[in-house]
Amino acid sequence: MLSIDRSIIDAIVAHARRDHPDEACGVVAGPAGSDTPIRHIPMENAARSMTFYEFDSMEQLRLWREMDDRDEEPVVIYHSHTATEAYPSRTDISFAGEPGAHYLLVSTREPDSEEIRSFRIVDGVVTEEPVKIVDAAVDPHAVQSYMFGQSPATVDYECSDR
Amino acid sequence: MAIEVRIPTILRSYTGGAKVVEGTGDTLGDLLTDLDSRHGGLKGRLVTDAGALHRFVNVYVNDEDVRFLGALDAKLTDGDSVTILPAVAGGAFGFAAAAAIAQHSAAAAAIARHSAGAARVARH
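Model, not experiment: these values are computed from the prediction.

Residues and elements named next belong to chain B. Strands sit in the order β2-β1-β5-β3-β4 across an open sheet of 5 strands; the sheet is mixed. Of all strands in the sheet, those bounded by a partner on one side alone are β2 (20–23) and β4 (64–65). Where strand β3 (residues 57–61) lies against β4, 2 bridges are found, and the strand directions are antiparallel. Bridge assignment links V61 to a residue of β4, and that residue is E64. Those strands touched by helix α1 (residues 28–38) are β1 (3–6), β2, β3 and β5 (81–86), and its axis lies near 110° from that of β2.

See the structure below:
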């Protein structure tokens, strides 16, 4: 089962809506071994596609290093499907490379309601699990979301004096 | 001195659970061959039958993606740090379908690379 705070789910849904009709993707990190998603990091979809997502390789390196330094792991890896159900596609299954993660899918195909489902994907085997949305286990003001190109350690400003 | 290699969770079954291993080699290809001699099977997870780096594995030398350093031909020197990460990717439709429909550039590049790999094999 995935237990996740409502404020984090809200932030994930907002990200998926913002990027619709392109697929949105990101991570919710948590302390290693805790199975508790705490820190929401929306990632750039380097593919910028309605049917495909891919983390930017350099952004992923920075985030994975940062999680390592903070003794965190990717508890949740999420992405959206924008025209189909929230169920892992064959592509999702073949590329799933984090056996310890909850793969959260959000479908934004309906404008007024979201479908949110979670799966374990290990060695090509998909197992759906219940999602328990909890209220205020995390202080909503403490939920950290970062915009593209930003992380807690660095802020990449778009404007340079060139 | 040797080259430090950081292994992702999904490949630690090849390294007896170790997160960091060491190896030697003048290029990334040589390093992977050296690692494979002690961690049998590891190279096969990173390199295709056609001898190219898998599209959905990210390998970095120090802070650079090896795709921009010559992939398996990327030069290494003692003291370098190599990081391997599974790419995080997926999407609603099949990969080939996504390439065909959306003309997805990464997918097209991967297919081109596979074709190039196949051509190389055919010439041998």
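Continuing now.
Taken together, the contacts link 27 residues of chain B with 27 residues of chain A. Between the two partners, chain B and chain A, sit 4 salt bridges. One salt bridge connects B:R55 with A:E54, and the closest N-O pair in it is separated by 3.0 Å. At the level of secondary structure, the elements contributing two or more residues to the side of chain B that touches chain A comprise β3, β5, β6 (89–90) and α3 (95–102) of chain B. Within the side of chain B that touches chain A, the residues separate by chemical class into 14 nonpolar, 8 polar and 5 charged.

Calculation rules
- Residues numbered from 1 in each chain as written.
- Chains lettered and ligands numbered in written order.
- Predicted model: local features only at pLDDT ≥ 70, side-chain atom pairs only at ≥ 80, totals over all residues.
- Heavy atoms only, no water.
- Pairing = 2+ DSSP bridges.
- Helix = DSSP H or I, 4+ residues; strand = E, 2+ residues; numbered from the N terminus.
- Contact = heavy atoms within 4.5 Å.
- Axes fitted to C-alpha atoms, helices over the stretch in contact; angles between N-to-C directions.
- Salt bridge = Lys/Arg side-chain N within 4 Å of Asp/Glu carboxyl O.
- Nonpolar A, V, L, I, M, F, W, Y, C, P; charged D, E, K, R; others polar.

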